[in-house]
Amino acid sequence: MKKLSVNFLFLCSFLILSGCSSAIKTEEKRSEEKQLSILPPEDLYGKLFFDVQENDSLFSDSKTFVDAVPRSAPEEIRKKYAEVQPETNAEMKAFLDENFEIPKASSNYVTDSTSINLHIKKLWKVLKRPADEQVSGTLIPLPNPYIVPGGRFREVYYWDSYFTMLGLQEDGETATIRNMVDNFAWLIETYGFIPNGNRTYYLSRSQPPFFSLMVQLLAEIEGEAVYTEYLDAMETEYEFWMTGSDNTEAGGYKRVVVLPNGDILNRFWDDKDTPRPESYREDMETAEIATAKNPDRTRQEVYRDLRAAAESGWDFSSRWLSINGNGDFNLYSIHTTQIIPVDLNSLLYDLEQTLALAYEIKELPDKAWAYREKAQSRKAAIQKYLWEEEAGFYFDYNFKTRHTTGIYSLAGVYPLFFEIPAEEQANKVASSLEQVFLRPGGLVSTPHHTGQQWDAPNGWAPLQYMSIEGLRNYGKEQLASEVKQRWLNLNQNVYQKTWKLMEKYNVEDLSKESGGGEYPTQDGFGWTNGVYQKLSKE
């Protein structure tokens, strides 16, 4: 074989190095573009954002514009907007249509079958989104395919996804479950926590921490090695929720509350104190009323409490409100950040237990013991602060007033789901469920009629599931079966009338669908589908 000439070898080396250099530069450019583009809409669009969101004549839903996809670079759109300066609504609409892809309200998918289970199975394809290839507007690109709830919810949502996965498991969609868990692990690795959803305007808050339950679900399918695979992600999420736990002074810091005797529990929080971009006008109006009613409050405090309620997933509910002299609840009385929630602390108890299990599997007994101790301390604090013996129920706790709120809500069943209470306590909770919450269509979220969507008359799939499983954990099979059957019947009846599954349902008046809240009832719907498949296929 003839020796290759030096010039030829040099040329090959040059081309290889040039290719590597080009690839590195391309990757650096992508990284730079990502850093520049991963911004909330108020930073992406500047004055245009505020002009659109403050104008109630352009879009009926504040979420529409912040989900729009820009047709060119945001900086170019900002520059063009400054030059054009539309004055009328017609001119503004024309500008927006020219420069953005405006999202449609919802899918027009209609079933071609009378079988609700088959309808849901087909819906997984409708609700599935492929891996995101590029940054576009406010969407945070995810590396793997995922399921969205449906309707106005065009992105993945954190706690929704666990209940969606229950149905995916029943339908054998295990690859999708793995993809979604991997997406959440990627978000934790990238941002240090799981945002409310994969939108830039959600990057200041999370949602109820169900990631450990997702890991448990995947471990049921693939084996216990899953626990150690996601150990780092679970621990990072735990650190996010526990930031400030080393503080020795009583009071709240971010999501941690140190109580006067040193006990530590958690609350919902948001790192920002401005109007939510996706509910901009609504928050501005609420803050205006709140500060007029109570001059001692600032708009920033109101915004923070609204955002914290959004982190809870219960946006909005009497759980976060004060009752006035007339016996009414008003949104302007919101004070979420004063409240230690039952559901959040039960979920963090489970996260601590799951971390302990993962370390046991990894044969690191000291770390496993440390997390068991944390879990036992939290369990004791839940029993101490959140249990009301006279009422026989778990309530949220206001650490400012040092009293439970007295607001009955289905958050009170979370301790049963995670087997925290003693048998006698569980018996009392079951009695309360039957006497306070049970309705013709299942369990109402709270017994209070406030006009908010997480109150009466509405029932929600995730809360039915948590309640049913919590009752089963303590042998309350008859009541669990009653709740299950009433809920499934309601889902079936609405489906036969509309050929759709809904985000929430009216469990009191079965002739109606649902109501209340910041937006119309949504169809789709991820967690309703998941819970229905799980409960109906048992």
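Here's what I pulled together on the structure shown here. The residue numbers shown here count from 1 along each chain, following its written sequence. Where local features are concerned, this predicted model is filtered to residues with pLDDT of at least 70; where side-chain atom pairs are given and counted, the filter is 80 or more; whole-chain, interface and lining totals use all residues. As a rule here, side-chain values cover all heavy atoms of the structure and leave hydrogens and water aside.

Overview of the overall build of the protein chain
Next, step 1: Only runs of H or I of at least four residues qualify as helices and only runs of E of at least two qualify as strands under DSSP, and these elements are numbered from the N terminus. Summing up its helical and strand segments, the protein chain has 21 helices and 16 strands in all.
Next, step 2: Note on exposure labels: buried denotes an accessible area under 20% of the residue type's maximum, exposed denotes more than 50%, and partly exposed covers the range between, all computed with a 1.4 Å probe on protein chains only. Buried positions account for 54% of the 538 residues belonging to the protein chain.
Next, step 3: Sequence-distant contacts in the protein chain: of pairs separated by 6 or more residues, those separated by 24 or more amount to 67%.
Next, step 4: When the accessible surface of the protein chain is split by element, carbon and sulfur atoms take 49% of a total near 23,100 Å². Contact definition: two residues touch when any of their heavy atoms are within 4.5 Å. Surface accessibility in these figures is a Shrake-Rupley result with a 1.4 Å probe; residues are shielded only by whichever protein chains are displayed.

Notes on empty space enclosed by the protein
Next, step 1: In this analysis the probe radius is 1.4 Å and the grid spacing 1 Å, with only protein atoms considered; a cavity is a set of points the probe fits into but cannot get out of, a pocket is an open set with protein on both sides within 12 Å along at least five of seven lines, and lining residues have an atom within 4 Å of a point. Grid points are joined across faces, edges and corners, and a volume is the space filled by probe spheres set on the points. Applying the stated criterion across every chain, the model contains two cavities of 30 Å³ or more.
Next, step 2: If you add up the space inside the second largest cavity, you get close to 40 Å³.
Next, step 3: At the level of elements, helix H8 (158–170) and helix H21 (526–536) are the ones that each hand at least two residues to the lining of the second largest cavity.
Next, step 4: Class assignment of the residues belonging to the lining of the second largest cavity gives a composition of five nonpolar, three polar and one charged. Amino acid classes used here: Ala, Val, Leu, Ile, Met, Phe, Trp, Tyr, Cys and Pro are nonpolar; Asp, Glu, Lys and Arg are charged; the rest, including Gly, are polar.

Quick notes on the side chain of Thr-337
Next, step 1: Turning to its location among the elements, Thr-337 is positioned in the loop between helix H14 (299–312) and strand E8 (339–340).
Next, step 2: Within the structure, the side chain of Thr-337 is placed 2.6 Å from the side chain of Asp-305, a separation counted as a polar contact. Counted as a polar contact is a pair of N or O atoms within 3.5 Å, where, for protein atoms, one must be capable of donating a hydrogen and the other of accepting one, and residues adjacent in sequence contribute only when both atoms are in side chains.

As for the environment of Tyr-371
Next, step 1: Turning to its location among the elements, Tyr-371 is positioned in helix H16 (residues 365–385).
Next, step 2: Along the primary structure Tyr-371 and Gln-353 are separated by 18 residues, whereas in three dimensions their C-alpha atoms are 6.6 Å apart.
Next, step 3: Excluding anything up to four places from it in sequence, Tyr-371 contacts Glu-235, Tyr-238, Glu-352, Leu-355, Ala-356 and Tyr-359.

What to know about the packing of helix H15 (residues 342–361) against H16
Next, step 1: Fitted lines through C-alpha atoms serve as axes, helices being fitted only where they are in contact, and the angles separating the N-to-C directions of these axes extend from 0 to 180 degrees. Axis separation between H15 and H16 bottoms out at 8 Å; the angle between their running directions is 160 degrees. Taken together, H15 and H16 sit at an angle that is classed as roughly antiparallel. Here the hand of the crossing between H15 and H16 comes out left-handed. Residues Asn-345, Ser-346, Leu-348, Tyr-349, Glu-352, Gln-353, Leu-355, Ala-356, Leu-357, Tyr-359 and Glu-360 of H15 lie in contact with H16, whose contacting residues are Lys-367, Ala-368, Tyr-371, Arg-372, Lys-374, Ala-375, Gln-376, Arg-378, Lys-379 and Ile-382.
Next, step 2: Looking at side-chain class alone, the contact of H15 with H16 contains ten nonpolar, four polar and seven charged residues. Note on terminology: angles under 35 degrees are roughly parallel, angles over 145 are roughly antiparallel, angles of 65 to 115 are roughly perpendicular, and the others are oblique. Left-handed describes a crossing in which the near helix is turned anticlockwise from the far one by less than a right angle; the clockwise case is right-handed.

Section: the sheet that holds strand E11 (residues 397–398)
Next, step 1: Strands pair, by our definition, only if DSSP identifies at least two bridges between them. Read from one edge to the other, the open sheet built from three strands follows the order E8-E11-E12, with strand pairing classed as antiparallel. Each having just a single partner strand, E8 and strand E12 (403–404) make up the two edges of the open sheet.
Next, step 2: Pairing geometry for E11 and E12, over two bridges, is antiparallel. The residue of E12 that forms the bridge with Tyr-397 is Thr-404.

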